[in-house]
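Summary of the model geometry
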Protein chains: 2
Amino acid sequence: MSDRIYNFSSGPAVLPEPVLRRAQGALWDLNGTGIGAMEHSHRSPAFTAVIERAEASLRSLAGIPDDYRVLFLTGGASTQFFMVPMNLLGDGRAADYVNTGVWSKKAIKEARRFGPVHVAASSEDEDFSYIPERVHLSEGPAYLHITSNNTIYGTEFTREPELPATVPLICDASSDILSRPIDVSRYGLIYAGAQKNLGPAGVTVVIIRDDLVEAGRDDLPTMLQYRTHADAGSRFNTPPTFAVYVLAEVLAWIEDQGGLTAMAEHNQAKAQLIYDALDRSELFRTMARPDSRSRMNICFRTPSPELDVRFAAEAEQRGLSGLKGHRSVGGMRASIYNAFPPAGCRALVDFMDEFERAHG
Amino acid sequence: MSDRIYNFSSGPAVLPEPVLRRAQGALWDLNGTGIGAMEHSHRSPAFTAVIERAEASLRSLAGIPDDYRVLFLTGGASTQFFMVPMNLLGDGRAADYVNTGVWSKKAIKEARRFGPVHVAASSEDEDFSYIPERVHLSEGPAYLHITSNNTIYGTEFTREPELPATVPLICDASSDILSRPIDVSRYGLIYAGAQKNLGPAGVTVVIIRDDLVEAGRDDLPTMLQYRTHADAGSRFNTPPTFAVYVLAEVLAWIEDQGGLTAMAEHNQAKAQLIYDALDRSELFRTMARPDSRSRMNICFRTPSPELDVRFAAEAEQRGLSGLKGHRSVGGMRASIYNAFPPAGCRALVDFMDEFERAHG
């Protein structure tokens, strides 16, 4: 680790070092094939093994039932913001959304192009500092959409909203997927850009129940229909092969760590270290309500924007990189996804203590 | 090269070995930043330098005029098949297409969803074995679309169709972009999946003239409007950062080779080696007309499908990989993009000679 620093980036984000070491070898020669992982045809036996292993690991880790498809797409969550309503709205029904911040709002904006949107709950009244307790559904909505973790405000759902069985729950899980055990059967569709908890930017995971694949409109551009990718095993066109390779390696690493239960303990312990420091501090404070705190993105600040800037700059000099908060809210943000090491959290806490002694 | 074999894959395809060596180092630590190339925020100074370098190299190599934007997108050519007509049709005008094979047909299929399509020329009458000499435009089409190189049939345009200045030429250049000098000013929009001549799968290059950015519909999903990506410098959402990094390195490698004039000579010489062998052979024949032969994908066959299978299998055993033709046409295909080494072409010719002596 000597030549690498602590990378608190909110995504793309730090990856497990054993994965990077394996990827270095695979770039030159994937599994003794004499061809590198970026250079294999997406129809080759070598890449077929990679994508099948990625799907098998994801199914096993998350306990994905047989009536769900796993798709490896591109375009990130921003593409799912419109693909979901484009496929599932248009018959006059409303789509319900929980508004927990910037990313929810972007999803809502795209949905409005395809049908009526009902905001079933919102925390905008208090600067998105909490996760709403209850949702108020419209009558017979096509689905309810949530953003399970909110990177900019540092809040996270601790459990799914209670819904009638007829309303599919759709979740943008980009920033906390596979960070803890999940009951996939409670969802109709889960999507996630890989670049936080799963791998590199450039591949998007979609877990979708068969009935929603079927329900999707069939008059859309071929690439925008979920069925296209479900029918073709995510190889209707050339998938982002190297990103899928790295994803497969990250999933294997999560398995090696003990799966999602172990990952949840590990993530909880890391977050607790930093929240404990914030709770005992008289200089720093966190904005998220205690019952809504994210284990992935810990947002905090000092009483002054100038001191915030100084903190982030001094931290950077000490090899604690990427702590500047999102431009829309300021302050600081420590993003500590699955692959972020506990030692980095301890180093941050040590520096917070030191900074507080100097400036408190 | 000892541990690597000759990879004739049609894409993803072989990459320059110096690029792979640099990428191995960058995976761990990009330019001494202490953070790997897959792990840097897409808003970081380090990645900003990468994407700016990629654009500058592309502009310099291809001589892209100032009134064109360079976009780094995802979704491959298959996504451009619908994004082009989705943005540029819909006002009742027709779109004109030259049909030179499977990929043209896919582009035509998607365009029909958005407006009338006129096939301005086609070589379907002779199994797509040639590039049509003349195009017959409809009245005032929104654009004319061509596929500059046809991977499945092994044909390639040698020059652009003559068009009135009012008709933008749109080109799927996925399989021959940057393989020779190009006069970008003759085009309205050029797109290319990177995984053949430019880099890895997962990033799509779009070169688009400003007036076509402006002309695009503004009622589309945000991610599907060219202006979104033009306005945001390809960072409206998280781009495929590592794929862009590798692309930048491939472009630097092309510069090191002497740019597009040198690349054209190099590619011509490689193709000539194989076509000369085919022309003197009594066993093998190539399907493309001499005036339409692709320098990128050389399609050939023996008189019997059984012998074709045997050829590809024996070649594979000798480290000549990926020579099986596309499933829709059979036979063999040698894909020899920019990064494919001349020694691999010589090895193929040697094996063809040997095979002919045994089976001719």
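Look up a bit, the structure's there.
Below is a summary of the structure that appears in this document. One numbering rule holds for all chains: residues counted from 1, following each sequence as written. Here the convention is simple: chains get letters from A, ligands get numbers from 1, in the order in which they are written. Local features are withheld for residues below a pLDDT of 70 in this predicted model, meaning they are given only at 70 or higher, and side-chain atom pairs are given and counted only at 80 or more; totals for whole chains, interfaces and linings count all residues. Hydrogen atoms and water are omitted, and side-chain values are computed over all heavy atoms in the structure.

Now for helix α4 (residues 102-111) of chain B. Regarding α4 of chain B, the residues found buried are Val102, Ser104, Ala107, Ile108, Glu110 and Ala111 of chain B. We call two residues in contact when some of their heavy atoms are within 4.5 Å. A run of H or I in DSSP becomes a helix once it reaches four residues, and a run of E becomes a strand once it reaches two; helices and strands are each numbered from the N terminus. Buried residues along α4 of chain B sit in contact with α3 (76-88), β3 (95-99), β4 (117-122), β5 (144-147) and β6 (149-150) of chain B. A 1.4 Å probe rolled over the protein chains alone gives each residue an accessible area, and that area as a share of the maximum for its type sets the label: buried under 20%, exposed over 50%, partly exposed in between.

A separate point is the packing of aromatic side chains. Planes of paired rings set the category: under 30 degrees apart is stacked, over 60 is edge-to-face and the rest tilted, where pairs are Phe, Tyr or Trp rings (Trp by its six-membered ring) whose centres lie within 6.5 Å. Enumeration over the complete set of coordinates arrives at 27 aromatic pairs over all chains. Relative to phenylalanine 340 of chain B, the ring of phenylalanine 8 of chain B lies with its centre 4.5 Å away and its plane at 40°, an arrangement referred to as tilted. With a gap of 332 residues between them, phenylalanine 8 of chain B in the loop between β1 (6-7) and α1 (17-28) and phenylalanine 340 of chain B in the loop between β14 (332-335) and α10 (342-359) connect regions that are remote in the sequence. Judged by its relative accessible area of 0%, phenylalanine 340 of chain B is buried. Between tyrosine 97 of chain B and tyrosine 143 of chain B, the ring centres sit 5.8 Å apart and the planes meet at 70°, which makes this aromatic pair edge-to-face. Taken as a pair, tyrosine 97 of chain B in strand β3 and tyrosine 143 of chain B in the loop between β4 and β5 lie far apart in primary sequence, 46 residues in all. For the residue pair tyrosine 97 of chain B and tyrosine 143 of chain B, the accessibility class agrees, reading buried in each case. Placement of a charge over a ring requires the Lys NZ or Arg CZ to be within 6 Å of the ring centre, with the centre-to-atom vector within 35 degrees of the ring normal. Across the ring face of tryptophan 28 of chain B, the terminal group of arginine 21 of chain A is positioned such that the distance to the ring centre comes to 3.5 Å. The ring of tyrosine 130 of chain B carries arginine 289 of chain B above its face, with NZ or CZ at 4.0 Å from the centroid.

The next point concerns the interface of chain B and chain A. Between chain B and chain A, the contact holds 61 residues from the first and 61 residues from the second. Together, the buried faces of chain B and chain A total about 4700 Å²; carbon and sulfur atoms form 58% of this surface. Interface area lost by chain B to chain A is led by Trp28, Met38 and Glu39 of chain B, which between them contribute 19%. Salt bridge, as applied in this entry: a Lys or Arg side-chain nitrogen positioned within 4 Å of an Asp or Glu carboxyl oxygen. Where chain B meets chain A, there are two salt bridges. With its nearest N and O atoms 2.7 Å apart, the salt bridge here joins glutamate 39 of chain B to arginine 4 of chain A. Side-chain atoms alone can form a polar contact between residues adjacent in sequence; in general such a contact is a pair of N or O atoms within 3.5 Å, and within protein one must be able to donate a hydrogen while the other accepts it. Inspection of the region where chain B meets chain A yields 25 residue pairs in polar contact (both at pLDDT 80 or more). Mapped onto the side of chain B that touches chain A, the elements with two or more residues apiece are α1, α3, α4 and α7 (241-257) of chain B. Once two parts are joined, some of their accessible surface, as seen by a 1.4 Å probe, is lost; buried area is that loss totalled over both.

Turning our attention to unusual backbone geometry. In this model, glycine 11 of chain A is joined to proline 12 of chain A through a cis peptide bond whose omega is -10°. By the secondary structure assignment, proline 12 of chain A is in the loop between β1 (6-7) and α1 (17-28). The phi dihedral of aspartate 127 of chain A falls on the positive side, at around 50°, and the residue is not glycine. Mapped onto the secondary structure, aspartate 127 of chain A falls in the loop between β4 (117-122) and β5 (144-147). Among the residues examined, aspartate 127 of chain A registers a relative accessible area of 64% and is labelled exposed. The backbone phi angle of asparagine 31 of chain B is positive, close to 50°, even though this residue is not glycine. When you line up the elements, asparagine 31 of chain B lands in the loop between α1 and α2 (45-62).

Here the focus is the pattern of salt bridges. It is possible for side chains of opposite charge to pair when their charged atoms get near one another. All names here are of chain B. Overall, the coordinates contain 44 salt bridges over all chains when judged by the stated rule. Glutamate 124 serves as the salt-bridge partner of lysine 105, at 2.6 Å between the closest nitrogen and oxygen. Residue lysine 105 is found in helix α4, and its partner glutamate 124 is found in the loop between β4 and β5; the two are separated by 19 residues along the sequence. Judged by its relative accessible area of 38%, glutamate 124 is partly exposed. With its nearest N and O atoms 3.0 Å apart, the salt bridge here joins arginine 310 to glutamate 314. With a gap of four residues between them, arginine 310 and glutamate 314 both fall in helix α9 (residues 305-317), about one helical turn apart.

Residue position: glutamine 195 of chain B is located in the loop between β9 (189-193) and β10 (204-209). Separated by 185 residues in sequence, glutamine 195 of chain B and serine 10 of chain B have C-alpha atoms that sit 8.9 Å apart.

Attention now moves to the relation of the copies chain B and chain A. If you rotate chain B by 180° and push it 0.0 Å along the axis, it lands on chain A with an RMSD of 0.0 Å. In the structure described here, the two chain copies are related by an operation that fits a two-fold rotation axis. Relative to the rotation axis, the C-alpha of glutamine 24 of chain B is the closest in chain B, positioned 2.4 Å from it. Of the interface residues in chain B, 100% have counterparts in chain A that sit at the interface too, so the contact is made through matching surfaces. Copies overlap after least-squares fitting; the atoms used are the C-alpha atoms of residues with pLDDT of at least 70 in both.

Residues and elements named next belong to chain B. Two strands pair under a simple rule: DSSP has to find at least two bridges between them. Pairing of β3 with β4, which is carried by five bridges, proceeds in the parallel orientation. Considered in β4, the bridge of asparagine 99 is made with serine 122. Orient the strands so they point away from the viewer, and a crossover whose first-strand-to-second-strand path over the helix runs clockwise is right-handed. A crossover connection joins β3 to the parallel β4 through α4; in handedness this β-α-β unit is right-handed.

The next point concerns helix α4 (residues 102-111) of chain A. Residue and element names in this part refer to chain A. Buried within α4 are the following residues: Ser104, Ala107, Ile108, Glu110 and Ala111. Seen from one end, α4 has its buried residues packed into an arc of 165°, which puts them on one side. Each element contacted by the buried residues of α4 is listed here: α3 (76-88), β3 (95-99), β4, β5 and β6 (149-150). This arc describes the spread of directions from the helix axis toward the C-beta atoms.

Attention now goes to the environment of alanine 243 of chain B. Residue and element names in this part refer to chain B. Structurally, alanine 243 can be placed in helix α7. As for alanine 243 and leucine 307, which are separated by 64 residues in sequence, their C-alpha atoms are 38 Å apart. With near-sequence residues (within four places) excluded, alanine 243 lies in contact with Pro200, Ala201, Gly202 and Val203.

Time to look at the nonpolar core. Here the nonpolar core consists of buried residues drawn from Ala, Val, Leu, Ile, Met, Phe, Trp, Tyr and Cys, with membership extended through side-chain atoms lying within 4.5 Å. In this structure, Phe72, Leu178 and Phe242 of chain A together with Phe72, Leu178 and Phe242 of chain B are the most contacted members of the largest nonpolar core, which totals 114 residues. Excluding residues that lie within four positions of it along the chain, phenylalanine 72 of chain A makes contacts with Ile51, Ala54, Glu55, Leu58, Val203, Thr204, Val205, Ser234, Val244 and Leu247 of chain A.

Residue and element names in this part refer to chain A. Pairing is antiparallel across the open sheet formed by three strands, whose spatial order is β11-β12-β14. This sheet does not close on itself; its edge strands, each paired only once, are β11 (285-286) and β14 (332-335). Here β11 pairs with strand β12 (residues 297-301) via two bridges, running antiparallel. Bridge pairing in β12 places arginine 285 opposite arginine 301. Every angle, taken between N-to-C directions, lies between 0 and 180 degrees, and every axis is a line fitted to C-alpha atoms, over only the stretch in contact when it is a helix. Relative to β12, helix α8 (residues 259-280) is tilted by about 15°, and along the sheet it contacts β11, β12 and β14.

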